[in-house]
Amino acid sequence: MTKVKSKTINIALQGGGSHGAFTWGVLDRILEDGRLAIEGISGTSAGAMNAVALADGWSHNGAEGARAKLHEFWRAVGRTGQFSPVQRTPWDRFFGNWSVEHGLGYNLFEQFSRLFSPYEFNPFNLNPLRDVVEKEIDFKRVRACSQFKLFVSATNVESGRLRVFSQSELNADVVMASACLPYIFQAVEIDGEPYWDGGYGGNPALYPFFYSSESEDVLLVQINPIERRGTPKTAREITDRIDEITFNAALLREFRSIAFVNSLIKAGRLEHGEYRNIRMHRIDADEALEGLSSSSKINAEWAFLEYLRDLGRAAAGDWLEDNFDAVGEHATLDLTGELTPEMSVGLKSHKPGKRVSDFLLQRKKPSVVTRRA
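The following paragraphs examine the structure supplied in this document. Being a predicted model, the structure only gives us computed values, none of them experimental.

## What to know about the overall build of the chain
Of regular secondary structure, the chain possesses 14 helices and eight strands. Taken over 373 residues, the chain has a buried fraction of 53%. Element-wise, carbon and sulfur atoms account for 52% of the exposed surface of the chain, whose accessible area totals about 17700 Å².

## What about the nonpolar core?
Ranked by internal contacts, the top residues of the largest apolar core, which has 67 residues, are Ile11, Phe73 and Val133. Every residue in contact with Val133, bar those within four places of it in the chain, is listed here: Met49, Phe73, Phe139, Ala172, Val175 and Met176. Residues Val218, Phe255, Ala259 and Leu333 belong to the second largest nonpolar core, which totals 22 residues.

## Observations regarding a nonpolar patch on the surface
On the surface, Leu104, Leu108, Phe112, Leu115 and Phe116 cluster together to form a nonpolar patch covering roughly 540 Å² of accessible area. Its location among the elements puts Leu104 in helix H4 (residues 104-115).

## Some words on the packing of aromatic side chains
One pass over the full model with this rule turns up 13 aromatic pairs. Considering the side-chain rings of Phe165 and Tyr195, the 5.6 Å spacing of their centres and the 70° angle between planes classify their relative orientation as edge-to-face. Placement of the pair is Phe165 in strand E4 (residues 162-166) and Tyr195 in strand E6 (residues 193-197), with a sequence separation of 30 residues. With a relative accessible area of 1%, Phe165 lands in the buried category. Judged by its relative accessible area of 0%, Tyr195 is buried. An aromatic cluster of at least three residues, connected via ring pairs, comprises Trp24, Phe73, Trp74 and Trp302. Above the face of the Phe324 ring, Lys7 is positioned so that its terminal group lies 4.9 Å from the ring centre.

## A closer look at helix H2 (residues 46-81)
For H2, with 36 residues, the first-to-last C-alpha span of 15 Å runs short of the 52 Å given by 1.5 Å per residue. Of all the bends in H2, the greatest measures close to 140° and is centred on Asn61.

## Some remarks on the environment of Arg309
With respect to the helices and strands, Arg309 occurs in helix H11 (residues 302-323). Judged by its relative accessible area of 15%, Arg309 falls in the buried class. Sequence separation of Arg309 and Trp74 is 235 residues, and the distance between their C-alpha atoms is 9.6 Å. Non-local contacts of Arg309, meaning those with residues more than four positions away in its chain, are made with Ala21, Phe22, Trp24, Gly25 and His71.

## Comments concerning the pairing of strand E3 (residues 149-156)
Of all eight residues making up E3, seven are buried, and the element is well covered by its neighbours. Strand direction decides the pairing type here: strand E2 (residues 36-43) and E3, joined by four bridges, are parallel. Looking at the pairing, Gly43 lines up with Val152 of E3. Where E3 and E4 come together, five bridges link them in antiparallel fashion. Residue Ser153 lies in a different strand from E4, and its bridge partner there is Val164. Between E3 and E4, which pair antiparallel one after the other, the connecting turn spans five residues, and Gly160 there sits at a positive phi close to 75°. Pairing of E3 with E6, which is carried by three bridges, proceeds in the antiparallel orientation.

## Thoughts on unusual backbone geometry
Across the junction of Asn203 and Pro204, the peptide omega takes the value -5°, indicating a cis bond. In this structure, Ser45 takes a positive phi of about 60° despite not being glycine. Its location among the elements puts Ser45 in the loop between E2 and H2. We classify Ser45 as buried; its relative accessible area is 10%. Backbone geometry at Asp191 places phi at a positive 55°, although glycine is not the residue there.

## Some words on the pattern of salt bridges
Within the structure shown, the criterion is met by 27 salt bridges. A salt bridge links Lys69 to Glu72; the nearest nitrogen and oxygen atoms lie 3.2 Å apart. Within this pair, Lys69 and its partner Glu72 are both found in helix H2, separated by three residues, close to a single helical turn. Judged by its relative accessible area of 37%, Glu72 falls in the partly exposed class.

## Some details on the packing of H2 against helix H6 (residues 128-136)
At their nearest, the axes of H2 and H6 sit 10 Å apart, and the two run at 150° to each other. The orientation of H2 relative to H6 falls into the category roughly antiparallel. H2 and H6 meet at a crossing whose hand is right-handed. On the side of H2, the interface is formed by Met49, Asp56, Lys69, Glu72, Phe73, Ala76, Val77, Arg79 and Thr80, while H6 contributes Pro128, Leu129, Val132, Val133 and Glu136.

Thresholds, definitions, all that
Residues numbered from 1 in each chain as written. Predicted model: local features only at pLDDT ≥ 70, side-chain atom pairs only at ≥ 80, totals over all residues. Heavy atoms only, no water. Helix = DSSP H or I, 4+ residues; strand = E, 2+ residues; numbered from the N terminus. Buried < 20%, exposed > 50% of the residue type's maximum accessible area, 1.4 Å probe, protein only. Areas by Shrake-Rupley, 256 points an atom, 1.4 Å probe, with all protein chains shown as cover. Core = buried A, V, L, I, M, F, W, Y, C linked by side-chain atoms within 4.5 Å. Contact = heavy atoms within 4.5 Å. Patch = residues over 30% accessible without salt bridge, like charges linked within 9 Å, V, L, I, M, F, W, Y side chains within 5 Å. Salt bridge = Lys/Arg side-chain N within 4 Å of Asp/Glu carboxyl O. Phe/Tyr/Trp six-rings, centres within 6.5 Å; stacked < 30°, edge-to-face > 60°. Lys NZ or Arg CZ within 6 Å of the ring centre and 35° of its normal. Expected span 1.5 Å × (residues − 1). Bend = angle between axes of the 7 residues up to and from the residue. Pairing = 2+ DSSP bridges. Axes fitted to C-alpha atoms, helices over the stretch in contact; angles between N-to-C directions. Parallel < 35°, antiparallel > 145°, perpendicular 65-115°, else oblique. Left-handed = near helix turned anticlockwise from the far one by under 90°.

Pasting the structure below:
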């Protein structure tokens, strides 16, 4: 049998609470397959946790070590979830409903988070997930991992700007900052500055790949749907949809930037080599997670995490079968199809001016900029 030559790719990992176990499954299947060599990983929130777990395990024992560490990390999350006051009701368990919104614990927590800040209802800043991260992840190995470059995003509370932390800066504080939802957790201070969830500024950030990676292929593992049909009617549904829109807004801006530069390169108005002709690919969880409410993002039952993992493995397997040959050749995600007609205006006719800041992010530079202006 002829051995298939591996192809190099960058991977961008979205955040989404427990739904990050879907991403675990995607990574597990890609590592098992072995045909994709990962050059860079950009992660936010749960995506950041998957990224550091993968790097930790890889430093210990290559791809198999990475798969083992991802399993160990999510297994630890599942053990912690056993003691959470937020659980499914017996009725939900009987009917196989993974959401927790009918449980007393969830509803009490939701009310508390609307009436009181985390500084009031959790003055000691207790966070079981931090304990899991600190216990399960060896950040010395993460920082020392030379197989790929890592980037983790968090949002500066004071400036509102995204900060992308490079691999040498990664520690438990950075990962927890990337996953810090402000109505649940106190802001995480790093170098004297407060940070919230990176999803507000980049979920995940794609632009670090343009400066630091040779590969022009980016695989996005997306677990927050961009489009959701129907108008939300209840207060909970409205809040959930606002969160989805907010956490995808920065990603859509980067989509437009990439599509804009690619169109200029194709038209010969920019030189390929000085600017990156990014080939986007995507594995999304839209179909797999359809029907799951937002409340399931805080369901940390091991059975649910395994269920999500298996969905992720299946999605990755399908994607590899259908799209592996395209890696290095052409994009399999049509970015213009992801943009509204208004956002797509000018992609073919616009000429680069003196103040086109977004598309300059796609210009190839010798080193990554870790703070975005």
